[in-house]
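Residues per chain, in single letters:
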Amino acid sequence: MLRHTATAHALGVPVAADPTQQLPRPYTGQTRRLVDGARLLFTNEYEQALLLERTGWSREEVLGRVGAWIVTRGAHGVTLETADGPRQDEPAVPTRDVVDPTGVGDAFRAGFLAGLAWRLPCERAAQLGCALATVVIEPLGTQEYKLLASALLDRIGAVCGERPAEEIAARLTVMA
């Protein structure tokens, strides 16, 4: 991870840091190198606290070193923060039933990054990520879900409103 991060920085390739697997290790310098200069930093609430402990940096210091810090908060949604902008909270998409949380964080990040790749604003990318995470948490097994654009958009519309659903729908035509 350190080698890939350093190479990406040297080549000017934007980095999305997800230091989850490194945080249990008590190596301050390594954790700092994984995070410093990342365009996006992904953690959950527990990892957020652990990252601050491992780096020795304050929340403000971390925000000054990354483009945006995206913190997933389970049933409470996601928080987006930057050093120079207001904190933005996006709600979780309610689930019918929490069955298997395996892969939910990966699903959120996949939806979020897909939204950014489609040039959606961070708010819409987070909404897509939250909806995708909900789809993944409901069945037993990491790949047992059925992803239908219409169902995904219905969930987004119910929580975020029709306009966000319509903006995201324009990018989901390949899934229909």
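Please read these numbers as outputs of a predicted model, since none were measured by experiment.

Points about the packing of aromatic side chains
Scanning the entire structure with this criterion turns up two aromatic pairs. Ring centres of Phe42 and Phe112 lie 5.6 Å apart, and the angle between their planes is 85°; this geometry places the pair in the edge-to-face category. Pair noted here: Phe42 is in strand β2 (residues 40-44) and Phe112 is in helix α5 (residues 104-117), with a separation of 70 residues, a long-range link. Given the relative accessible area of 4%, Phe42 is considered buried. What makes Phe112 buried here is its relative accessible area of 0%.

Quick look at the pattern of salt bridges
Side-chain pairs of opposite charge can arise whenever the charged atoms involved come near each other. Throughout the structure, instances matching the rule amount to 13 salt bridges. Here Asp36 makes a salt bridge to Arg65, at a shortest N to O gap of 3.6 Å. One end of the pair, Asp36, is in the loop between α2 (28-35) and β2; the other, Arg65, is in helix α4 (residues 59-65), and 29 residues separate them in sequence. Residue Arg109 pairs with Asp106 through a salt bridge whose shortest N-O separation is 2.4 Å. Of this pair, Arg109 and Asp106 both sit in helix α5, three residues apart, roughly one helical turn. Residues participating in the shared-partner salt-bridge network are Glu123, Arg124, Arg163 and Glu167.

Parameters and conventions
Residues numbered from 1 in each chain as written. Predicted model: local features only at pLDDT ≥ 70, side-chain atom pairs only at ≥ 80, totals over all residues. Heavy atoms only, no water. Phe/Tyr/Trp six-rings, centres within 6.5 Å; stacked < 30°, edge-to-face > 60°. Helix = DSSP H or I, 4+ residues; strand = E, 2+ residues; numbered from the N terminus. Buried < 20%, exposed > 50% of the residue type's maximum accessible area, 1.4 Å probe, protein only. Salt bridge = Lys/Arg side-chain N within 4 Å of Asp/Glu carboxyl O.

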